[in-house]
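What follows is the residue order along each chain.
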Amino acid sequence: MPAIICHSALEAVALIQSGETLWTHSMGATPRILLDALAQHALTKDNLTLLQLHTEGAESLSHPSLQGHLRHRCFFGGLPTRALLQSGDADYVPIFLSEVPKLFRSGEQKIDTAIIQVSPPDKHGMCSLGISVEATLAACQVAGKIIAHINPQMPRTHGDGFIHIDRFAAVYEESAALPIHSFGTGDAVSLAIGKNVAQLVRDGDCLQMGIGAIPDAVLSCLTDHKDLGVHTELFSDGILQLVEKGVINNSKKRFYPGKLVTGFALGSQKLYDYVDDNPAVIFMDIEQVNDTAIIRKNPNVMAINSALQVDLSGQVCADSIGTKIYSGVGGQMDFIRGAGLSEGGRSVIALPSTAAGGTISRIASVLSPGAGVVTTRAHVHYIVTEYGAANLRGCSLRERAQALIAIAHPNFREQLSRDAFDVWGLNL
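It should be emphasised that the depicted structure is a prediction, and the values quoted were computed from it without experimental measurement.

**A short note on the overall build of the chain**
Link 1 in the chain: Regarding its fold elements, the chain presents 14 helices and 27 strands.
Link 2 in the chain: In terms of overall dimensions, the chain is globule-like: its C-alpha atoms have a radius of gyration of 22 Å, near the 22 Å expected for 428 residues.
Link 3 in the chain: Oriented by its inertia axes, the alpha-carbon framework of the chain measures out at about 70 × 50 × 35 Å.
Link 4 in the chain: Classification of the 428 residues of the chain by burial places 57% in the buried group.
Link 5 in the chain: Taken as two groups, the 33 positive and 41 negative side-chain charges of the chain have centres that lie 6 Å from each other.

Below you can see the structure in the form of structure tokens.
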């Protein structure tokens, strides 16, 4: 049955009924126009559940008037949902990013309607999920119906993210700019961390990077490296700059050699123009991108991620500040484990030494009560701050404490040394 061609976004989302479980396309492909319409439509419905990863520009769905009408169920928290998660007005599901598509495909999590943003159909009727395949492909495969915003500004990307227009129940077409994230090397602390991480990267490594000031700073420090590859959740402008300089050529990879593999892209218009119809960039289902059995196929995987807090034993908290949910488990463990299994693979957790204007040490004697252990002390490898790198692989608790205190902020080292004995019983 052909899709209903709608004259407004509100008309498109009018197919959604009370009690439905919805999935929204995420990251840079967040269908903001449809979601703004959903914020209106939901006021006439009850008990809607919105499943999501990190969304961009979807603040309209966080309005207090929607309580009782729509509840967020988040596999990853972000700016639009963080306050709701911390107040108990939204639900957080801790889960590895690689497991989210499996949750859908197994039927453990039902999806009535998928709300997505796609490129216009090609001559074969195929639309592209564009700059964000992540778990949305799996959601579309199992959803009872799909409501699509066809956006002429959405790039047509190569890989897994093609859906025939006949799969859509309703479509609304409007040209709209995609979210832009500017690239920058950040402040002096981020740049110092970037330099320390860059020293651990070897020529020929296969990189996985996140987004933000520290990953950008790391990438800006890799211009003298050679033959780097990329197999990552996120493709950003920092990576694109290294592609243009010839630093990244993917020549040493065994999985898709010569190709850049990613799950989603977020950055500048230049980045979106680069991935448009570019067969050198493969956008894959995140169940595949983050599969440790696939990650390990590439030699010398270098996984670089961030954290909120690390304790003296090497436990890494990355999704919460104490009991307050901040982000999510995401793909950190997928890649840290994949890198650990890769021939010559390594992983880095990079973070500033302090928080709250220098008043709190991010390297703590113990994690804050309720803090989520995303990377266990058995999986952790390098911890990097602006004061250096600590290699924890194969180290005892006493050796870990010594190494971590050495890269903590100087203002906190004396107290951490006392805590190592008083709390952990370690004689340093």
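So much for the structure itself; the text now carries on.
**Describing the nonpolar core**
Link 1 in the chain: F75, F104, I116 and F168 are the most contacted members of the largest nonpolar core, which has 84 residues in total.
Link 2 in the chain: Setting aside anything within four residues of it in sequence, one finds F104 in contact with W23, L51, F75, Q109, I111, A135, A138, A139 and V142.

**Some words on helix α14 (residues 410-422)**
Link 1 in the chain: Between its first and last C-alpha atoms α14 spans 19 Å; for 13 residues at 1.5 Å apiece the expected length is 18 Å, and the two agree.
Link 2 in the chain: Among the residues making up α14, those that are buried are F412, L416, D419 and A420.
Link 3 in the chain: Buried residues along α14 sit against β22 (354-355), β23 (360-361), β24 (363-364) and α13 (397-406).

**Regarding the side chain of N151**
Link 1 in the chain: Here N151 lies in the loop between β8 (145-150) and β9 (158-159).
Link 2 in the chain: On the basis of relative accessible area, N151 is assigned to the buried category, the value being 0%.
Link 3 in the chain: Setting aside its immediate chain neighbours within four residues, N151 contacts Q117, V118, S119, P120, E174, S175, A176 and L178.

**Re helix α6 (residues 188-198)**
Link 1 in the chain: Within the sequence span of α6, burial applies to S190, I193, G194, N196, V197 and A198.
Link 2 in the chain: Contacts from the buried residues of α6 go to α7 (213-220), β16 (301-306), β21 (346-350), β26 (382-385) and β27 (388-391).

**Considering the pairing of β26**
Link 1 in the chain: Residue alternation in β26 divides its side chains into two sets, Y382 and V384 and I383 and T385, and both sets are buried.
Link 2 in the chain: Inspection of the sheet shows β21 paired to β26 by 3 bridges, in the parallel sense. Counterpart to V348 in the pairing with β26 is Y382.
Link 3 in the chain: Relative to β27, β26 runs antiparallel, the two being bridged by 4 bridges. Bridge pairing links V384 to A389 in β27.
Link 4 in the chain: Taking the residues between adjacent antiparallel strands as the criterion, β26 and β27 are bridged by 2 residues.

**Things to note about the sheet that holds strand β25 (residues 373-375)**
Link 1 in the chain: An order of β24-β17-β18-β25 is seen for the 4 strands of this open sheet, with the pairing classed as mixed. The open sheet terminates on both sides in strands that have one partner only, identified here as β24 and β25.
Link 2 in the chain: For strand β18 (residues 316-317) and β25, the ladder comprises 2 bridges, and the chain directions are antiparallel. By the bridge assignment for β25, C317 is matched with V373.

**Notes on the pattern of salt bridges**
Pairing between side chains becomes possible if they bear opposite charge and their charged atoms approach one another.
Link 1 in the chain: Here the structure, examined in full by the defined rule, presents 13 salt bridges.
Link 2 in the chain: A salt bridge links D122 to R156; the shortest N-O distance between them is 3.3 Å. Taken together, the residues D122 in the loop between β6 (113-118) and β7 (126-128) and R156 in the loop between β8 and β9 connect sequence positions 34 residues apart.
Link 3 in the chain: Between E414 and R418 there is a salt bridge whose closest N-O contact spans 3.0 Å. Of this pair, E414 and R418 both sit in helix α14, separated by 4 residues, roughly a single helical turn.
Link 4 in the chain: Exposure remark for E414: the relative accessible area of 58% places this residue in the exposed category.

**Comments concerning the sheet that holds strand β2 (residues 21-24)**
Link 1 in the chain: Strand order in the open sheet formed by 8 strands is β1-β11-β8-β6-β2-β3-β4-β5, with parallel pairing between adjacent strands. Two strands close off the open sheet at either side, each with one partner strand: β1 (4-6) and β5 (91-92).
Link 2 in the chain: In this structure, β6 lies alongside β8, joined through 6 bridges in parallel fashion. If you follow I115 over to β8, its bridge partner there is I147.

**Points about the UniProt feature "domain: Acetyl-CoA hydrolase/transferase C-terminal" (unreviewed entry) in the chain**
Link 1 in the chain: Under the local residue numbering, the UniProt record ascribes the feature "domain: Acetyl-CoA hydrolase/transferase C-terminal" (unreviewed entry) to residues 267-419.
Link 2 in the chain: Annotated as 29% helix and 26% strand, the span residues 267-419 places its first and last C-alpha atoms 42 Å apart.

**Let's talk about the packing of α13 against α14**
Link 1 in the chain: Where α13 meets α14, the axes come as close as 10 Å, and the angle between the chain directions of the two elements is 170 degrees. By the criterion of interaxial angle, the relationship of α13 to α14 is roughly antiparallel. Every residue of α14 that contacts α13 at A401, I405 and A406 is listed here: R413, L416, S417 and A420.

**Some points on the environment of E99**
Link 1 in the chain: As for its position among the elements, E99 is in the loop between β5 and α4 (100-105).
Link 2 in the chain: Measuring from C-alpha to C-alpha, the distance between E99 and T157 comes to 23 Å, with 58 residues separating the pair along the chain.

**Some details on the packing of α6 against α7**
Helix-helix packing is characterised by the crossing angle of the two axes and by the distance between the axes.
Link 1 in the chain: Where α6 contacts α7, the two axes come as close as 7 Å, and the packing angle between them is 55 degrees. What the angle tells us is that α6 and α7 run oblique. Where α6 crosses over α7, the handedness of that crossing is right-handed. The residues of α7 that touch α6, namely those facing S190, L191, I193, G194, V197 and A198, are A213, I214, A217, V218 and S220.
Link 2 in the chain: Of the residues that constitute the contact of α6 with α7, the class distribution is 8 nonpolar, 3 polar and no charged.

Here is what the cut-offs are and how they apply
- Residues numbered from 1 in each chain as written.
- Predicted model: local features only at pLDDT ≥ 70, side-chain atom pairs only at ≥ 80, totals over all residues.
- Heavy atoms only, no water.
- Helix = DSSP H or I, 4+ residues; strand = E, 2+ residues; numbered from the N terminus.
- Rg over C-alpha atoms; globule rule 2.2 N^0.38 Å.
- Buried < 20%, exposed > 50% of the residue type's maximum accessible area, 1.4 Å probe, protein only.
- Lys, Arg positive; Asp, Glu negative; His and termini not counted.
- Charge placed at Lys NZ, Arg CZ, Asp CG, Glu CD.
- Core = buried A, V, L, I, M, F, W, Y, C linked by side-chain atoms within 4.5 Å.
- Contact = heavy atoms within 4.5 Å.
- Expected span 1.5 Å × (residues − 1).
- Pairing = 2+ DSSP bridges.
- Salt bridge = Lys/Arg side-chain N within 4 Å of Asp/Glu carboxyl O.
- UniProt positions renumbered as here; feature names shortened; annotations may be inferred.
- Axes fitted to C-alpha atoms, helices over the stretch in contact; angles between N-to-C directions.
- Parallel < 35°, antiparallel > 145°, perpendicular 65-115°, else oblique.
- Left-handed = near helix turned anticlockwise from the far one by under 90°.
- Nonpolar A, V, L, I, M, F, W, Y, C, P; charged D, E, K, R; others polar.

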